[in-house]
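# Notes for the structure review
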Amino acid sequence: MIKRRTLLAAGLAAPALSACATSSAPDYVDNRASLPPLPHDRHSHARPDEARVLHVSLDLTANFALKILEGAATLTIAARPDAREIVLDIDGLDIRNVRTNQGETQWTIGQRRPELGAPLSIALRPGDREITIAYATSPDAGALQWLEPAQTASGKPFLFSQGQAILTRTWAPTQDSPGIRQTYDARIVAPEGLKAVMSAEMLTPNGEASEGGRAYRFRMRNPVPIYLMSLAIGDLEFGAVGQRTGVWAEPSVLQRGLFECADMEAMVRAAEALYGPYRWGRYDVLILPPSFPYGGMENPRLTFLTPTFLAGDRSLVSLIAHELAHSWSGNLVTNAVWSDSWLNEGFTTYFEGRITEALYGVERAAQQNVLAWAEIQEAIRTIPADSQRLHLPEERGAEDNSSAIVYEKGALFLRTLEREVGRPRFDAYLRSYFDRHAFQPMTTARFLADFRERVVQGDAALEQRLQLDAWAFEPGLPSNAEEPRAESFVEVAHFVDHFASHGGAPAAAPWETWGTYERQRYLQTLPRTLARAQLDALESAFGLNNVGNAEVLFDWLSLALSNRYEPALAPTERFLTSMGRGKFVRPLYRALMAQGDWGQPHARRIYARARATYHPIVQGAVDRIVAAS
Ligand code: BES
Ligand code: ZN
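Residues numbered from 1 in each chain as written. Chains lettered and ligands numbered in written order. Predicted model: local features only at pLDDT ≥ 70, side-chain atom pairs only at ≥ 80, totals over all residues. Heavy atoms only, no water.

### Description of the overall build of the protein chain
Operational definition: Labels follow the DSSP assignment, with helices taken as runs of H or I lasting at least four residues and strands as runs of E lasting at least two, numbered in each case from the N terminus. Our radius of gyration looks at C-alpha atoms and nothing else; its globule reference is 2.2 Å times the residue count to the power 0.38. For the exposure calls, accessible area comes from a 1.4 Å probe over protein chains only, and a residue counts as buried if that area is under 20% of its type's maximum, exposed if over 50%, partly exposed in between. Contacts are residue-level and defined by heavy atoms, with any inter-residue pair within 4.5 Å sufficient. Residue burial considers only the protein chains on display, and all accessible areas are found by Shrake-Rupley using a 1.4 Å probe. For the purpose of charge, His is not counted, nor are the chain termini; Lys and Arg are scored as positive and Asp and Glu as negative. In plain terms, the charge of a residue is placed at NZ if it is Lys, CZ if Arg, CG if Asp and CD if Glu.
A tally of regular secondary structure across the protein chain gives 18 helices and 23 strands. By the compact-globule yardstick of 25 Å for 629 residues, the protein chain fits well, its C-alpha radius of gyration being 25 Å. Referenced to the eigenvectors of the C-alpha coordinate spread, the extents of the protein chain come out at roughly 80 × 65 × 50 Å. Burial statistics for the protein chain: of 629 residues in total, 60% are counted as buried. The long-range share in the protein chain, meaning contacts at least 24 apart out of those at least 6 apart in sequence, stands at 70%. About 23600 Å² of surface is accessible on the protein chain, with carbon and sulfur atoms providing 51% of the total. The distance from the centre of the 64 positive side-chain charges to the centre of the 73 negative ones in the protein chain is 3 Å.

Structure follows, in structure tokens:
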């Protein structure tokens, strides 16, 4: 077992408990005990003001035959002296036994609520500091995808976890709320021939012989929100990019991954120059098999990435900038509840733009801002007013907060603040924001108060210009939102017009010299209704049905399907059966379903083939799309 440092012995009610960083690890911080009380999190059963989990120690074996993880979790806790129980979140876990450092104890599992799972209440006695829970996960745990050999590049089985937002409770019994920061360590037994990696320090690069396979040990010494704890097991190899950066991937994917990720070290340096030191040691990425449901996931020290970002020309690497930026916005300073997820995603999207600007110039960042503006306009047209506020209504599902509002309106808010107060002042503020709130939860109210105190400082004219409350709490866009421009898109607009309004040949457009964002802008701004001959002309001019860039292909297929363009069906089927990224998968099924008798049979036929290869999260979403009609 890993030596664990002594954790808080005193109760939570004790004032000003001192931080307990050890001298051997000066780069990590432990300020959990000095946290102010947490806002109520309706997505967790935990009652952290009475008793909370400080540390999770996992000892699990991956059983690929049964598709379960089994073993034990030992939790180090702090409790108020009068606390009689601690409440954890679990969902679908088979709890076999619970004991504390003082022996057997009483425990009960309460009523399960859809999506939230069930409370596991464990009786506490004075002196109970460690709780060991023997358990196994369910084969359909929402956080885990067990891949068959046919779903991986190596032809070997693969497992990965995805905790955000509230799925960690399906693979580890703990308090699954982003305000409750926990350190962790783990011992994971993987089958011989496969390697385990985690979003943590890897203590045994080659594993150790163990009953039933090889054991890998890990530890995360910074307190993190537990949705960031993640695990992957597969035929994995590592290649270095820089001193502290590198790529994990299946062997046949590694070289392409290393090519695409060549700028990673420079990205970390650019990020540090903006907002201060990277506090997590290494920054590596793991390229997952194509069923990974997201573009990327900012698991600390080890970002998880979709292989669909491998464009062959590094044109989609802003995805890495985004996940890296979360090492500050999200992983250091964390939304305390999911209705404030713009504090994670909006800040990160703003930060991503700054890294992009530093590495690739202002024009590329401007292009992204223009594409984002269109997304915001679309969101304002289509989603309910209540969901257009940055601080979302609490009753919104925790999995339902990834719209253009959270990401792009959030980022536009910060760009507006930057414009109004000036870049030097805004940069200095953000840097101090990350420093002062490092390893702490954040709320919209707390951020606004902090910004007022440090920047506005009672300047009534500035306060009025900023419209802070309108941005945070009102739908739509406040009047100080400014539409961004990108010089390079003027030419794109010209060729859209040339083709769409004047019947010009698409081939006149300098497609070959355009980058990915110009191509996307072109496809996104073409008229939504096109004739068969026009679609034929587009397809043959640019070979759109065979485009390798997933973002460009997606934009083309969306346009083509909404016009019932028959020749796009085969590439749609190829795309939908070769990857499972929700951002592409959901809208394409929606586009097919929207086309009545023309599209619906295709949606059902393709889904019947593809469903088993999708992640549980994406299956759930597409089940609803394909069932509705
Ligand atoms: N943290 C998110 C992924 C996420 C959001 C998982 C909500 C679960 C619930 C990640 O940082 C992200 O934003 N990924 C984006 C890519 C990004 C470039 C916009 C994605 O997956 O598309
Ligand atoms: Zn993000």
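### Considering the packing of helix 14 (residues 550-562) against helix 16 (residues 582-593)
Put simply, the test is: Structural elements are reduced to axes, namely lines fitted to C-alpha atoms, with helices fitted over the stretch in contact, and the angle between N-to-C directions of any two is expressed from 0 to 180 degrees. Each angle receives one of four descriptions, namely roughly parallel if under 35 degrees, roughly antiparallel if over 145, roughly perpendicular if within 65 to 115, and oblique otherwise. When residues are grouped by polarity, Ala, Val, Leu, Ile, Met, Phe, Trp, Tyr, Cys and Pro land in nonpolar, Asp, Glu, Lys and Arg in charged, and all others, Gly among them, in polar.
At a closest axis distance of 9 Å, the pairing of helix 14 and helix 16 adopts a crossing angle of 10 degrees. Judged by the inter-axis angle, helix 14 sits roughly parallel to helix 16. Contacts between helix 14 and helix 16 involve A550, E551, F554, L557, S558 and L561 from the first element and K583, F584, P587, L588, A591 and L592 from the second. When its residues are assigned to classes, the contact of helix 14 with helix 16 shows nine nonpolar, one polar and two charged.

### Digging into the sheet that holds strand 17 (residues 237-240)
Here is the rule: By definition, two strands form a pair when at least two bridges between them are found by DSSP.
Sheet architecture is open: five strands sit in the order 17-18-19-21-20, paired in mixed fashion. In the strand order of this sheet, the two ends are held by strand 17 and strand 20 (296-297), each with one partner. Judged from the four bridges that link them, strand 19 (residues 283-287) and strand 21 (residues 302-305) form a sheet pairing that is parallel. Across the sheet, the residue bridging to D284 is L302, located in strand 21. Where helix 2 (residues 264-275) meets the sheet, its contacts fall on strand 18 (245-249) and strand 19, and the angle it forms with strand 18 comes to roughly 130 degrees. Running at roughly 140 degrees to strand 21, helix 3 (residues 318-325) makes contact with strand 19, strand 20 and strand 21 of the sheet.

### Description of the coordination of the zinc ion (ligand 2)
Think of it this way: four donors in a tetrahedron around the metal ideally sit 109.5 degrees apart, and six in an octahedron ideally sit 90 or 180 degrees apart. Using the following cut-off: Each metal site is built from N, O and S donor atoms within 2.8 Å (3.2 Å for Na, K and Ca), and since water is not included, such sites may look incomplete.
Protein coordination at the zinc ion (ligand 2): the donors are H322 (NE2), H326 (NE2) and E345 (OE), at 1.9 to 2.1 Å from the metal. Binding-site remark: the zinc ion (ligand 2) is held by donors from one chain whose sequence spacing is H-x3-H-x18-E.

### With respect to the sheet that holds strand 7 (residues 118-123)
Spatial strand order, 3-7-6: three strands in an open sheet with antiparallel pairing. Sheet topology places strand 3 (85-90) and strand 6 (107-109) at the edges, where each strand pairs with a single neighbour. Averaged over all pairs of adjacent strands, the angle between their axes in this sheet comes to 20 degrees, without regard to strand direction. Bridge analysis of strand 3 against strand 7 gives six bridges, and the strand direction is antiparallel. Residue pairing across strands places E85 opposite A123, the latter belonging to strand 7.

### Quick word on helix 7 (residues 423-436)
The condition that has to hold: By definition here, a helix of n residues has an expected span of 1.5 Å times n minus one. Directions drawn from the helix axis to the C-beta atoms are what define this arc.
The end-to-end C-alpha separation of helix 7 is 20 Å, in line with the 20 Å expected for 14 residues at 1.5 Å each. Among all positions of helix 7, only F426, D427, Y429, L430, Y433 and F434 are buried. Along the long axis of helix 7, the arc covered by the buried residues comes to 160 degrees, so they all point the same way. Along its buried surface, helix 7 packs onto helix 2, strand 22 (333-335), helix 4 (342-360), helix 6 (404-421), strand 23 (440-442) and helix 8 (444-456).

### Some words on the nonpolar core
Selection rule: Working definition of a nonpolar core: buried Ala, Val, Leu, Ile, Met, Phe, Trp, Tyr and Cys residues. They are joined through side-chain atoms within 4.5 Å.
F447 and F451 are the most contacted members of the largest nonpolar core, which has 136 residues in total. No other element matches the nine residues that helix 6 contributes to this core. Setting aside chain neighbours within four positions, we find F447 in contact with W342, L343, F347, F413, L414, L417, Y429, Y433 and M442. Residues V496, L538, A591 and L592 belong to the second largest nonpolar core, which totals 54 residues.

### Observations regarding the site of ligand 1
Short version of the rule: Residue proximity to a molecule or strand is established when one non-hydrogen atom of the residue lies within 4 Å of it. Polar contacts, as used here, are pairs of N or O atoms within 3.5 Å; protein pairs need one atom able to donate a hydrogen and one able to accept it. Residues neighboring in sequence count only if both atoms are side-chain atoms.
Neighbouring ligand 1 are 14 residues, the closest being Q164, G295, E298, E323 and Y407. Between an oxygen atom of ligand 1 and a side-chain N or O atom of H322, the distance comes to 3.0 Å. Y407 is positioned with one of its side-chain polar atoms (N or O) 2.7 Å from an oxygen atom of ligand 1. About the coverage of ligand 1: the protein hides 87% of its 520 Å² of free accessible area. By residue number, the principal contributor to the shell around ligand 1 is helix 3, which donates three residues. The residue makeup of the shell around ligand 1, split by class, is four nonpolar, six polar and four charged.

### Things to note about the packing of aromatic side chains
Let me state the cut-off plainly: We call Phe, Tyr and Trp rings a pair once their centres come within 6.5 Å, taking the six-membered ring for Trp, and we label the pair stacked below 30 degrees between planes, edge-to-face above 60, and tilted otherwise.
Applying the stated criterion across every chain yields a total of 39 aromatic pairs. A centroid spacing of 5.4 Å and a plane angle of 65 degrees characterise the contact between F160 and F292, whose relative ring orientation is edge-to-face. With F160 in strand 10 (residues 158-161) and F292 in the loop between strand 19 and strand 20, this pair connects stretches of sequence that are 132 residues apart. F160 sits in the buried class, given a relative accessible area of 0%. Its relative accessible area of 0% is what places F292 among the buried residues. Aromatic pair Y429 and F451: ring centres 5.1 Å apart, planes at 90 degrees, arrangement edge-to-face. Remark: F451 occurs in helix 8 and Y429 occurs in helix 7; sequence separation between them is 22 residues. Accessibility expressed as a relative area gives 0% for F451, which makes it buried.

### Some remarks on the pattern of salt bridges
For side chains of opposite charge, pairing can occur when their charged atoms come near one another. Heads up, the rule is: When a carboxyl oxygen of Asp or Glu is within 4 Å of a side-chain nitrogen of Lys or Arg, the pair counts as a salt bridge.
For the structure on display, the rule yields 40 salt bridges. Across the pair D82 and R80 runs a salt bridge whose closest N-O atoms are separated by 3.1 Å. We classify D82 as partly exposed; its relative accessible area is 45%. Since its relative accessible area comes to 32%, R80 is described here as partly exposed. In this structure, R609 engages E573 in a salt bridge whose closest nitrogen and oxygen atoms are separated by 2.7 Å. Within this pair, whereas R609 is found in helix 17 (residues 596-610), its partner E573 is found in helix 15 (residues 569-576), the two being separated by 36 residues in sequence. Residue class for E573 comes out buried when judged on its relative accessible area of 15%. Via salt bridges that share partners, R354, E357, E418, R423 and D427 belong to a single interconnected network.

### Considerations on the side chain of Q182
Mapped onto the secondary structure, Q182 falls in strand 11 (residues 181-190). A distance of 2.7 Å separates polar atoms of two side chains, one belonging to Q182 and the other to T174. Within the structure, Q182 has its side chain in polar contact with the backbone oxygen of I180 (distance 3.2 Å).

### Some points on the domain arrangement of the protein chain
How big an interface is tends to be stated in terms of the accessible area lost upon association of its parts. So the rule is basically this: What fixes the domain bounds is an automatic or database domain assignment. Take the accessible area each of two parts loses on contact, using a 1.4 Å probe, and add the two losses: that sum is the buried area.
Taken as a whole, the protein chain is organised into domain 1 (1-230), domain 2 (236-327), domain 3 (333-473) and domain 4 (491-626). Computed over C-alpha atoms only, the centres of domain 2 and domain 3 are separated by 24 Å. At the interface, 24 residues of domain 2 touch 24 residues of domain 3. Both sides of the domain 2 and domain 3 interface together cover about 1900 Å² of buried area, and 63% of this is carbon and sulfur. When residues of domain 2 are sorted by the area they lose upon contact with domain 3, L274, Y275 and R279 head the list and together hold 38% of the total. Viewed at the interface, domain 3 and domain 2 are joined by one salt bridge.

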